[in-house]
Amino acid sequence: MSTRDTILHTIKTTQQANVEGLAEMAQVSPVTVRHHLNALQAAGLIESSSIRRKVGRPYYVYSLSEKGHELFPKRYVRLTSRLIDEMKARLPEEVVHEVFENVVLGVVEEHRGEYEHLAFEDRLDYLVDLLADEGFLASWENSEGGYTLTEYSRPYISVGRSHSEICTIDKDLIVNVLQVPVEQNRCMLKGDECCEFSVQPPDN
């Protein structure tokens, strides 16, 4: 990624970031980071706020603006929503759910040979990359009794506000790739700042 993209992705995943942290992630100087931040702020992609400390000068942290969030990724919201409206008007509810299930199965079958042989944590890495290809920005980490998979961006969250069926796609994809129980703990549609899943480790 370019320095600009690294800065945007870092701000997205951390929710807020300061100049020093961004410089470390992008492996450039703070002066270079400030130059990019000024350009991004002028473009309306990020916002800044001042944080006061008990001692010393206040410092600035940066977060994505609404326009900045739309970069992850670009979405054809209106057309997608209209197509789903039409599908739901013409088809029985169970058929609509079957269509979304088949979308997931199509992705799984396309990639099955690439991940089936992988160790579980390597499969998690593969899943994060696969989600990225589908428009999700995600990461995983070890947690007590298993793993936590976090999505910081979903490509069709705006559509999901009107059509909750579409928000089953990522969870179904996670379950089908990992083949273990998965529980969703947080959801951006419910006001959370990310979507978070608890992943049960496979039986040894």
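Position numbers for residues count from 1 along each chain, tracking the sequence in the order it is written. Only residues with pLDDT of at least 70 are given local features in this predicted model, and only at 80 or more are side-chain atom pairs given and counted; all residues enter the totals for whole chains, interfaces and linings. Side-chain calculation: all heavy atoms of the structure are included, whereas hydrogens and water are not.

**Q** Got a minute to help me understand the overall build of the protein in this structure?
**A** Numbering of helices and strands starts at the N terminus; helices are DSSP runs of H or I of at least 4 residues and strands are runs of E of at least 2. Each helix and strand in the protein was counted, giving 9 helices and 6 strands. Principal-axis analysis of the C-alpha atoms places the extent of the protein at approximately 60 × 45 × 30 Å. Across the 204 residues that make up the protein, the buried fraction comes to 39%. Should any heavy atoms of two residues lie within 4.5 Å, those residues are counted as being in contact. Sequence-distant contacts in the protein: of pairs separated by 6 or more residues, those separated by 24 or more amount to 48%. Shrake-Rupley sampling with a 1.4 Å probe provides the accessible areas, and residues are treated as covered by the protein chains on show and by no other component. Here the protein displays about 12200 Å² of accessible surface, and carbon together with sulfur accounts for 47% of that area. Positive and negative side-chain charges of the protein, numbering 21 and 33 respectively, have mean locations separated by a distance of 12 Å. Throughout, exposure labels follow a simple rule: accessible area from a 1.4 Å probe, protein chains only, divided by the maximum for the residue type, with under 20% read as buried, over 50% as exposed, and the rest as partly exposed. Neither His nor the chain termini are counted; the positive set is Lys and Arg, and the negative set is Asp and Glu. Where a charge sits is defined by one atom per residue type, namely NZ (Lys), CZ (Arg), CG (Asp) or CD (Glu).

**Q** Whenever I open this one, the nonpolar core confuses me. Can you help?
**A** Most often, soluble globular proteins keep nonpolar side chains buried together rather than apart. Among buried residues, those of type Ala, Val, Leu, Ile, Met, Phe, Trp, Tyr and Cys that are joined through side-chain atoms within 4.5 Å constitute a nonpolar core. Ranked by internal contacts, the top residues of the largest apolar core, which has 36 residues, are Leu149, Ile166, Leu173, Leu178 and Val199. If you list the elements that add at least two residues to this core, you get helix H5 (77–90), helix H6 (93–115), helix H7 (120–133), strand E4 (146–153), helix H8 (157–160), helix H9 (169–178) and strand E6 (195–199). No other element matches the 7 residues that H7 contributes to this core. Sequence-distant contacts of Val199, that is, excluding residues within four places in its chain, are made with Phe120, Gly146, Tyr147, Leu149, Leu178, Val180, Pro181 and Val182. Core analysis: the next-biggest nonpolar cluster, separate from the first, contains 18 residues, Ile7, Ile11, Tyr62 and Phe72 among them.

**Q** Just checking my understanding: could you explain the pattern of salt bridges for this structure?
**A** If charged atoms from side chains of opposite charge come close, those side chains can pair. Salt-bridge detection follows one rule: a side-chain nitrogen of Lys or Arg within 4 Å of a carboxyl oxygen of Asp or Glu. Within the structure shown, the criterion is met by 5 salt bridges. Note that Arg90 is salt-bridged to Glu86, the shortest N-O span being 2.4 Å. In this pair, Arg90 and Glu86 are both assigned in helix H5, 4 residues apart and thus about one turn of the helix distant. Across the pair Arg112 and Glu109 runs a salt bridge whose closest N-O atoms are separated by 2.5 Å. One end of the pair, Arg112, and the other, Glu109, are both in helix H6, 3 residues apart, so they sit about a helical turn from each other. A network of salt bridges, in which partner residues are shared, links Glu109, Arg112 and Glu116.

**Q** Even after reading the chapter, I still don't get the pairing of E6, so can you show me in this structure?
**A** Every regular strand shows the same layout, with side chains that alternate between the two sheet faces. Of all 5 residues that make up E6, 4 are buried, and the element is covered over most of its length. Strands pair, by our definition, only if DSSP identifies at least two bridges between them. Here E4 runs beside E6; their pairing, made up of 5 bridges, is antiparallel. By the bridge assignment for E6, Thr148 is matched with Ser198. Sheet topology places strand E5 (residues 182–186) next to E6; 4 bridges connect them, and they run antiparallel. Among the inter-strand pairings, Val182 is bridged to a residue of E6, identified as Val199.

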